[in-house]
Amino acid sequence: MSWRPQYRSSKFRNVYGKVASREHCFDGIPITKNVHDNHFCAVNARFLAIVTESAGGGSFLVIPLEQVGGRIEPNYPKVCGHQGNVLDIKWNPFIENIIASCSEDTSVRIWEIPEGGLKRNMTEAVLELYGHSRRVGLVEWHPTTNNILFSAGYDYKVLIWNLDIGEPVKMIDCHTDVILCMSFNTDGSLVATTCKDKKLRVVEPRSGRVLQEASCKNHRVNRVVFLGSTKRLLTTGVSRWNTRQIALWDQEDLSMPLIEEEIDGLSGLLFPFYDADTHMLYLAGKGDGNIRYYEIGSEKPYLSYLMEFRSPAPQKGLGVMPKHGLDVSACEVFRFYKLVTLKGLIEPISMIVPRRSETYQEDIYPMTPGTEPALTPDEWLSGVNRDPILMSLKEGYKKTSKIVFKAPVREKKSVVVNGIDLLENVPPRTENELLRMFFRQQDEIRRLKDELSQKDIRIRQLHLELKNLRNSPKNN
């Protein structure tokens, strides 16, 4: 009997990557040279945000996508209120002009971008959140609840913020080292984390209880992603032979991975991206020029290799366009915004399913999570879970959200310890701020010494006058 190769029929077998033409790329952007393992880029249907290199403090650009492309001027307005390097930025999934950023200055800040983009530098955030004692490396919005934000700091804690009141409402403190990655399941009832202590955890965020924990000896995890509603996790990491590797896990049993697969022997971090609508997994290496893509199945071998997009330019990070921002008329199923640091270039890459028909392709665009939240913060905090509200890309993907962000009006509180109001006397958070405070205090001490010496002279003069009055003969 003659041998025949096993071909697997798949509508995504011929998906290909198409790079945007030069006039649709964004050029002249001073992309940050920070070595932190994040994407430094965030995209939604209206804006593109990129963390930039800056002297003194941190900043990022916000470019309206109505501006088709071209060269960005050096004096282009920036968001520059942080006093340390910006480490992560994320757009609110329900309010398209609200973006969260975190920084080395230990703060998380919420910014409201005006209609049409920035006209001048923005330094005032609508909300500043302080709760971490060390720099903050990650921020993530809850996938179904409005105004719930997660932040992970180098103090090994995850804080859950309710932006309706501008306060942290929960804290997850089960980690023993720096948290590398966070990923939510479909309804946001579970969060998976990877940590520098080489452990993969599945945590119930409201109680902070660790439901499952894997201590990975053969597979040192770096990144994790929930595979939609399949109750599975995918991690990328490094094997004991220092080869890049991916592993598939059952979220209810992390004792052993379902499969492990070695990718290559390169050293760059592997970023996983999962599309729950098409069940496609994209793997992009930091410092690589290629993007591999696979199809995830429910039965063995679970992972089917499809193809690879190749490019000579290495990527520092990748932003991903939400589904409602894709071009359905071109059968676009995924879009990356690739950061090319050496050229100061942002390059859109569209993943396209080749179809001859120009009509709407319902089989590749199922109902997808939309721009309306399913829960309020109070409902979620009380224990309610709800799947995301779905929308059709055929009719609803151009609708804009009517939700408006309202910053809470905070009452002035005081925390007095040893007669010092800690909220009035906030300690410096960066070295530059410490130096500024030091020199300010030296000037204040010098001024007070001068004032004291002048008052000493005045006291002596008054003493002499008083003595003269006492010694003088009394007038009859």
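Residues numbered from 1 in each chain as written. Predicted model: local features only at pLDDT ≥ 70, side-chain atom pairs only at ≥ 80, totals over all residues. Heavy atoms only, no water.

Colleague: What is the right way to look at the UniProt feature "coiled-coil region" (unreviewed entry) in the protein chain in this model?
Modeller: Under the UniProt annotation, "coiled-coil region" (unreviewed entry) lies at residues 445-472. Across residues 445-472 one finds 96% helix and 0% strand; the C-alpha atoms that close the span lie 41 Å apart. (UniProt positions renumbered as here; feature names shortened; annotations may be inferred. Helix = DSSP H or I, 4+ residues; strand = E, 2+ residues; numbered from the N terminus.)

Colleague: Is there a simple way to think about the side chain of Asp-197 in this case?
Modeller: Checked against the element boundaries, Asp-197 lands in the loop between β17 (191-195) and β18 (199-204). Under the relative-accessibility criterion, Asp-197 is labelled buried at 19%. For Asp-197, the side chain forms a polar contact with the side chain of Thr-176, separated by 2.8 Å. Within polar-contact distance, the side chain of Asp-197 engages the side chain of Arg-201 at 2.8 Å. Ignoring sequence-local partners within four residues, the contact set of Asp-197 consists of Thr-176 and Asp-177. (Buried < 20%, exposed > 50% of the residue type's maximum accessible area, 1.4 Å probe, protein only. Polar contact = N/O pair within 3.5 Å; in protein donor to acceptor, adjacent residues only side chain to side chain. Contact = heavy atoms within 4.5 Å.)

Colleague: Help me out: how do you make sense of unusual backbone geometry in this one?
Modeller: A negative phi holds for most residues other than glycine; trans holds for most peptide bonds. Of the consecutive residues Lys-300 and Pro-301, the connecting peptide bond is found in the cis state with omega at 10°. Turning to its location among the elements, Pro-301 is positioned in the loop between β26 (291-296) and β27 (303-309). Notably, Phe-40 is not glycine yet its phi reads approximately 60°, a positive angle. With respect to the helices and strands, the residue Phe-40 is situated in the loop between β2 (26-27) and β3 (41-43). Not every positive phi belongs to a glycine, and Cys-331 is a case in point at roughly 60°. Structurally, the position occupied by Cys-331 is in the loop between β28 (317-320) and β29 (332-340). The buried category is assigned to Cys-331, whose relative accessible area is 3%.

Colleague: Explain a nonpolar patch on the surface to me, please; I cannot follow it from the model alone.
Modeller: A cluster of nonpolar residues, Leu-435, Phe-438 and Phe-439, forms a patch on the protein surface that exposes about 300 Å² of accessible area. Topologically, Phe-439 is positioned in helix α2 (residues 431-471). (Patch = residues over 30% accessible without salt bridge, like charges linked within 9 Å, V, L, I, M, F, W, Y side chains within 5 Å. Areas by Shrake-Rupley, 256 points an atom, 1.4 Å probe, with all protein chains shown as cover. Salt bridge = Lys/Arg side-chain N within 4 Å of Asp/Glu carboxyl O.)

Colleague: Quick question: what am I supposed to make of the sheet that holds strand β12 (residues 136-141) here?
Modeller: Each strand in a sheet pairs with another by means of backbone hydrogen bonds, the pair being arranged parallel or else antiparallel. In spatial order, the strands read β12-β13-β14-β15; together these four strands make up an open sheet with antiparallel pairing. This sheet does not close on itself; its edge strands, each paired only once, are β12 and β15 (167-172). Geometrically, the sheet is characterised by an average inter-axis angle of 25° between neighbouring strands, direction not taken into account. Here strand β14 (residues 158-162) pairs with β15 via five bridges, running antiparallel. Each bridged residue has a counterpart across the sheet, and for Ile-160 the counterpart in β15 is Lys-170. (Pairing = 2+ DSSP bridges. Axes fitted to C-alpha atoms, helices over the stretch in contact; angles between N-to-C directions.)

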